[in-house]
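Fold and geometry: a report
Each chain is listed here by its residues.
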Amino acid sequence: MDKSAEINWLKWLQFTVLVSVILYFGSTLFIPLSFALLISFVLYPVCRWLEEKGLPRWAAISLCLFLLAVLVGGLAFLLVRQVVQFGQEWPQLQGKLSAAWADISRYVEQQFGIDTAKQINWLESIASDAASSAFNMVRGVLYTSAVSAVLLVLIPIYVALILYNRESLTRALSSFFPRREHSKIRQILHETITTYYNFIKGMAIVYLAVGVLNSLGLFIIGVPHAIFFGAVASVLTFIPYVGITIGAILPMTVAWVTYDSVWYPIGVIAVFAVVQYLEANLIFPLAVSARLQVNMLFTLLAIVAGGILWEASGMILFIPFLAILKLIADKHEDMRPISLLLGSGDKKPAKARK
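Description of the structure in this document. Model, not experiment: these values are computed from the prediction.

About the criteria used
Residues numbered from 1 in each chain as written. Predicted model: local features only at pLDDT ≥ 70, side-chain atom pairs only at ≥ 80, totals over all residues. Heavy atoms only, no water. Helix = DSSP H or I, 4+ residues; strand = E, 2+ residues; numbered from the N terminus. Buried < 20%, exposed > 50% of the residue type's maximum accessible area, 1.4 Å probe, protein only. Areas by Shrake-Rupley, 256 points an atom, 1.4 Å probe, with all protein chains shown as cover. Expected span 1.5 Å × (residues − 1). Contact = heavy atoms within 4.5 Å. Patch = residues over 30% accessible without salt bridge, like charges linked within 9 Å, V, L, I, M, F, W, Y side chains within 5 Å. Salt bridge = Lys/Arg side-chain N within 4 Å of Asp/Glu carboxyl O. Axes fitted to C-alpha atoms, helices over the stretch in contact; angles between N-to-C directions. Parallel < 35°, antiparallel > 145°, perpendicular 65-115°, else oblique. Left-handed = near helix turned anticlockwise from the far one by under 90°. Phe/Tyr/Trp six-rings, centres within 6.5 Å; stacked < 30°, edge-to-face > 60°. Core = buried A, V, L, I, M, F, W, Y, C linked by side-chain atoms within 4.5 Å.

Okay, the overall build of the protein next. Within the protein one finds 13 helices and 0 strands. The secondary structure elements of the protein, listed N-terminal to C-terminal, are α-α-α-α-α-α-α-α-α-α-α-α-α. Buried positions account for 31% of the 354 residues belonging to the protein. Of the roughly 22500 Å² of accessible surface on the protein, a fraction of 70% belongs to carbon and sulfur atoms.

Rendered as structure tokens:
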């Protein structure tokens, strides 16, 4: 590696560290702003279409936000309804879990010589440790709920302001670059918004299809609350490999406890495995443009880095921002190494424009 290349990589490293520090300490500001920016990317084509039909800008923005609120509220209502129904059957499920635990306890005592008293002492020790941290957990939940309530107010306001002032924001962004680059910046911004909008539409189709197939498969094999478990597993698929495993644990447990047979949990695994195969090889390629596909290694790294910097919000936000970074890198010759590094490797990246 020559001296100039070494200096360039050192600058990139310094820039990465500086940005990470700013993102970490400025998370309170940047998290709602990031959500608002991505939501405005999705709503912009719809808002612009409504404006072309004759609606004033403020009316188009208000209508888009109202429709989005109805959609999110409807999904939340269905999910809460399923959770309530699941909670009503919890006493019955708890009795079966107690019976299953008694069988496991007897097996452990027979195979490993650990009597029931030692097992109970071990469980009580675990319960005591859990109780000691219960206060911190409750405090964390209350804090998270308060922050979420604030975000529910701030994010729509940010979205409305971004959409309403989009021309001035675009001019301000262009002013950071030489005048000869202004047309390219506007073109890249337009293509980024359009591509991300199409990507979100495709991912919505993917999540819907996966949720329907999961629920249908669980319903066919007789797992209770199939819609709830199918929807949760569908949402968790945004975490590659790990998400589907987490989503399968609860329906496997419920199926095993409900039917007292190992074949039902195996059936749950089979359903999720088939749906994941269809999602990876048929549904996703058909529904989502390949232009936002990113190397799986860097997708996982983005999830981990997002969790470190912004916790759960970062795990959601960093993946689309990484994909947008790749899209921008595809357009710049100077960023070609980043484009090649982030590429999925399935095909050659688009030729960078000089």
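Moving on, there is more to tell.
To continue, consider helix 8 (residues 182-221). The terminal C-alpha atoms of helix 8 lie 58 Å apart, and with 40 residues this matches the ideal 58 Å at 1.5 Å per residue to within 8%. Downstream of helix 8 by a residue or two, Gly 222 has a phi angle that is positive, lying close to 90°.

Turning to the environment of Leu 309, a few remarks are in order. When you line up the elements, Leu 309 lands in helix 12 (residues 296-330). Beyond its immediate sequence surroundings of up to four residues, Leu 309 is in contact with Ser 20, Tyr 24 and Phe 318.

Now for a nonpolar patch on the surface. Residues Leu 10, Leu 13, Val 17, Val 21, Tyr 24 and Phe 25 make up a contiguous nonpolar surface patch of about 640 Å² in total accessible area. Along the polypeptide, Leu 13 turns up in helix 1 (residues 3-25). A relative accessible area of 53% means that Leu 13 is categorised as exposed.

Moving on, we come to the pattern of salt bridges. All told, the structure shown has 4 salt bridges when counted by the stated rule. Between Arg 48 and Glu 52 there is a salt bridge, with the nearest N and O atoms lying 3.7 Å from each other. With a gap of 4 residues between them, Arg 48 and Glu 52 both fall in helix 2 (residues 27-52), about one helical turn apart. Judged by its relative accessible area of 58%, Glu 52 falls in the exposed class. One salt bridge in this structure joins Glu 167 and Arg 57, with 2.8 Å as the shortest N-O distance. You can see Glu 167 sitting in helix 7 (residues 166-174) and its partner Arg 57 sitting in helix 3 (residues 57-88), a full 110 residues away along the chain. The exposure class assigned to Arg 57 is partly exposed, which follows from its relative accessible area of 22%. Residues joined in a network through salt bridges with shared partners are Glu 51, Arg 57, Arg 166 and Glu 167.

What follows covers the packing of helix 8 against helix 12. Remark: helix 8 packs on helix 12, axes separated minimally by 10 Å, with the N-to-C direction vectors making an angle of 135°. Considered as vectors, helix 8 and helix 12 are oriented oblique to each other. Between helix 8 and helix 12 the crossing geometry is right-handed. Facing Ile 188, Glu 191, Thr 192, Thr 195 and Tyr 196 of helix 8, the residues of helix 12 in contact are Pro 320, Ile 324, Leu 327 and Ile 328.

With the rule as written, the count across this model stands at 3 aromatic pairs. Between Phe 228 and Phe 229 the ring centres are 5.4 Å apart and the planes differ by 55°, which places this aromatic pair in the tilted class. What makes Phe 229 buried here is its relative accessible area of 2%.

The biggest cluster of nonpolar side chains holds 52 residues, and the ones touching the most others in it are Val 159, Leu 218 and Phe 272. Here this core gets 9 residues from one element, more than from any other, and that element is helix 12. When near neighbours in sequence (up to four residues on either side) are disregarded, Leu 218 contacts Val 223, Ala 226, Phe 229, Gly 230, Val 268, Val 271 and Phe 272.

Geometric values such as these leave the question of function open.
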